[in-house]
Amino acid sequence: MARIPEALRLAIIDGHITNWTEAEVLNGGPIVIVLGYGLPQLVLQRAAYQTLVAAIIQLEGDLPALRAERDGIWGISPQDDDGVWFRLTQYKALVRARMGAKHPLSRTVPNFGDLNISRYLTVVQQFIDHWERVNAALPAPLTLGSFTLALLQTAATSLDAKIKAIESAETSAAIKRAELEQLFGDEIEELREETSIVARLVLYQAILSAMFPNQPISDTLPNIFPPQTSPSLAAFDFNWSTQPGGIVKVWYDPPTPVVTTAEQVFFKEGAFESTTPVTGTTPGSIRVHNFSGVTIVGELDELELHNAAGLTVAHGTRNAGLPEPV
C-alpha cells in the first residue's frame, strides 16, 4: 500500500533528523514528542529500517541462485540432458523395451501430468516408486544410459533441499518485508502503527508547527508524502470467487474519478502476492482478473491498483453484493 517510493524513504527520515537537530538547538533542549520518544529513538528506528532493508536484499539476492540450482537439477526443458526431466522422458520407452508392452508395469508408467514446480517432488517420487518395482521384477536393474535409480534418488534429495531452501528464503523475505512496512508505516491512517516512523514524523511535524509557528524551522519541514501523492487514497469496490484448480477470480469497479495512473492490479493473500496489468480504469465497466495457485482463507487480504512505480493509487474494499460478470 506504499505511496512513498523506497528510494526516498531514508532521505525523508534524514531530512527530519536534520530538522529535529536544528529545532533542539532553537529549543535549548531535547524535543520529546511522546513519552520516551525523541530524536535518539528516531535515529534507532532509522538503523532498524536499514537492517531490515539489508536482510531483504540478502534474501532476495540469494533466491535467483537457489532457483537456478533447483532448475539445474530438474532441467530447464525436457531436452536438457543434464536434468532429471530429460532422463525421465526416456523411462517409459526403456521399461517397455525391457519388460514388454503388455506387462502391468509397462502399462502403469507415471505420467508427468500438469507439470509445475510445486509437483516436481511428487513426480520424481512416483518414478522412484515405479522404478523400484521394475528393478525388483527384472534380473538386472534398469538403467537409462548411465543414469540409475540411485542417481534419481540422490537428485530427489537435492531437489527437496533446494525447494525447501527457496520456500524458506521466500517466506523469510516476505516476513522481513512485512516487518519493514510495519516499521516504516506508509499505510492509510487506519492501518498505520502509532509507533511507526511515518506516524512519529507526522506527530513531530504537528508539534513543531505549534512550537515554532511561521518560523523557518517549521517552514522548512521536509515533506513526508511526496507532493504528487496524497495521504488519502482513492477507493473502489471489488468481489471475488473461487474457481476450480486453485484459481481465484476477482472483479472490480474502477475508481471514480478515473485513476489514469493505474497500471497494475496488486493481489495479496497471506505471503502470496501477485500483480497483473490493468485492463482499464473506466468507471462503470467491471474488470476481471484470475489469480492462480492461491487459496483464500477467510477474506482476501488486499486488492489495490498500483502505478508504474509500484505505488498504491487506489485501495479496494470487498463488496459482496457486486455481481459476478457473465
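Predicted model only: the values in this text are computed from it and were never measured. (Residues numbered from 1 in each chain as written. Predicted model: local features only at pLDDT ≥ 70, side-chain atom pairs only at ≥ 80, totals over all residues. Heavy atoms only, no water.)

(A) Expanded view of the overall build of the protein. For the protein, the helix and strand inventory stands at nine helices and seven strands. In the protein, which comprises 326 residues, the proportion classed as buried is 41%. For the protein, restricting intrachain contacts to residue pairs at least 6 apart in sequence, the fraction spanning at least 24 positions comes to 66%. When the accessible surface of the protein is totalled, it reaches about 17,000 Å², and 56% of it is carbon and sulfur. (Helix = DSSP H or I, 4+ residues; strand = E, 2+ residues; numbered from the N terminus. Buried < 20%, exposed > 50% of the residue type's maximum accessible area, 1.4 Å probe, protein only. Contact = heavy atoms within 4.5 Å. Areas by Shrake-Rupley, 256 points an atom, 1.4 Å probe, with all protein chains shown as cover.)

(B) Structural context of the environment of Thr122. One can find Thr122 in helix H6 (residues 120–137). The class of Thr122 is partly exposed, set by a relative accessible area of 41%. Taking the C-alpha atoms as reference points, Thr122 and Phe112, separated by 10 residues in sequence, lie 9.5 Å from one another.

(C) Spotlight on the pattern of salt bridges. Going through the model one piece at a time under the given rule, you end up with 13 salt bridges. Its salt-bridge partner being Glu179, residue Lys176 comes within 3.9 Å of it at the nearest N-O pair. Here Lys176 pairs with Glu179, and both are found in helix H7 (residues 149–184), just three residues apart, close to one helical turn. Note on Glu179: relative accessible area 34%, which makes it partly exposed. By sharing partners, the salt bridges in this structure join Glu6, Glu60 and Arg177 into a single network. (Salt bridge = Lys/Arg side-chain N within 4 Å of Asp/Glu carboxyl O.)

(D) Structural detail: the packing of aromatic side chains. Scanning all chains against the criterion turns up 12 aromatic pairs. Taking 6.3 Å as the distance between ring centres and 45° as the angle between the ring planes, the aromatic pair formed by Trp20 and Tyr37 counts as tilted. Residue Trp20 is found in helix H1 (residues 6–27), and its partner Tyr37 is found in the loop between H1 and helix H2 (39–74); the two are separated by 17 residues along the sequence. An aromatic cluster is defined as three or more aromatic residues linked by ring pairs; in this entry it consists of Tyr91, Phe112, Phe127, Trp131 and Phe147. (Phe/Tyr/Trp six-rings, centres within 6.5 Å; stacked < 30°, edge-to-face > 60°.)

(E) Representation of helix H4 (residues 91–99) within the structure. Taken residue by residue, H4 has Tyr91, Val95 and Met99 as its buried positions. Projected onto a plane normal to the axis of H4, the buried residues spread over an arc of 40° and lie on a single side. Exposed side chains of H4 directed beyond 90 degrees from the buried face belong to Ala93 and Ala97. Remark: Gly100 follows H4 within two positions and exhibits a positive phi of approximately 90°. (Arc of directions from axis to C-beta.)

(F) Spotlight on the pairing of strand S7 (residues 312–318). Within S7, five of the seven residues are buried, which leaves it mostly tucked inside the rest of the structure. Where strand S1 (residues 234–243) lies against S7, five bridges are found, and the strand directions are parallel. Across the sheet, the residue bridging to Asp237 is Thr317, located in S7. Of the strand pairs in this sheet, strand S6 (residues 302–306) and S7 are connected by three bridges, and their pairing is antiparallel. Each bridged residue has a counterpart across the sheet, and for His306 the counterpart in S7 is Thr312. Count of turn residues in the S6/S7 antiparallel hairpin: five residues, of which Gly310 carries a positive phi of about 85°. (Pairing = 2+ DSSP bridges.)

(G) Region of interest: the sheet that holds strand S5 (residues 287–292). In spatial order, the strands read S4-S3-S6-S7-S1-S2-S5; together these seven strands make up an open sheet with mixed pairing. Edge positions in the sheet fall to strand S4 (272–277) and S5, since each has one partner strand and no second. In this sheet, neighbouring strand axes are inclined to one another by 30° on average, regardless of whether the strands run parallel or antiparallel. (Axes fitted to C-alpha atoms, helices over the stretch in contact; angles between N-to-C directions.)

(H) Seen up close, the environment of Ile247. Among the secondary structure elements, Ile247 is positioned in strand S2 (residues 247–252). Look at Ile247 and you get partly exposed, because its relative accessible area is 26%. Among residues more than four places away in sequence, those in contact with Ile247 are Ser241, Thr242, Asn290, Phe291 and Ser292.

(I) Representation of the packing of H4 against H6 in the model. Interaxial distance between H4 and H6 falls to 12 Å at its minimum, and their mutual angle equals 20°. Between H4 and H6, the interaxial angle falls into the category roughly parallel. Here H4 and H6 pass one another in a crossing that is left-handed. Each of Tyr91, Val95 and Met99 in H4 lies in contact with H6, whose residues at this interface are Phe127, His130, Trp131, Val134 and Ala137. When grouped by side-chain class, the residues that make up the contact of H4 with H6 number seven nonpolar, one polar and no charged. (Parallel < 35°, antiparallel > 145°, perpendicular 65-115°, else oblique. Left-handed = near helix turned anticlockwise from the far one by under 90°. Nonpolar A, V, L, I, M, F, W, Y, C, P; charged D, E, K, R; others polar.)

(J) Just H1, in detail. With 22 residues, H1 extends 32 Å from end C-alpha to end C-alpha; this agrees with the ideal 32 Å at 1.5 Å per step. Burial in H1 covers these residues: Arg9, Ile12, Ile13, His16, Ile17, Asn19, Trp20, Ala23 and Glu24. Turning to H1, the residues buried within the fold contact H2, H7, helix H8 (197–211) and helix H9 (216–219). Positive phi shows up at Gly28, right after H1, with a value of about 75°. (Expected span 1.5 Å × (residues − 1).)

The values reported here are purely geometric and, on their own, carry no functional implication.
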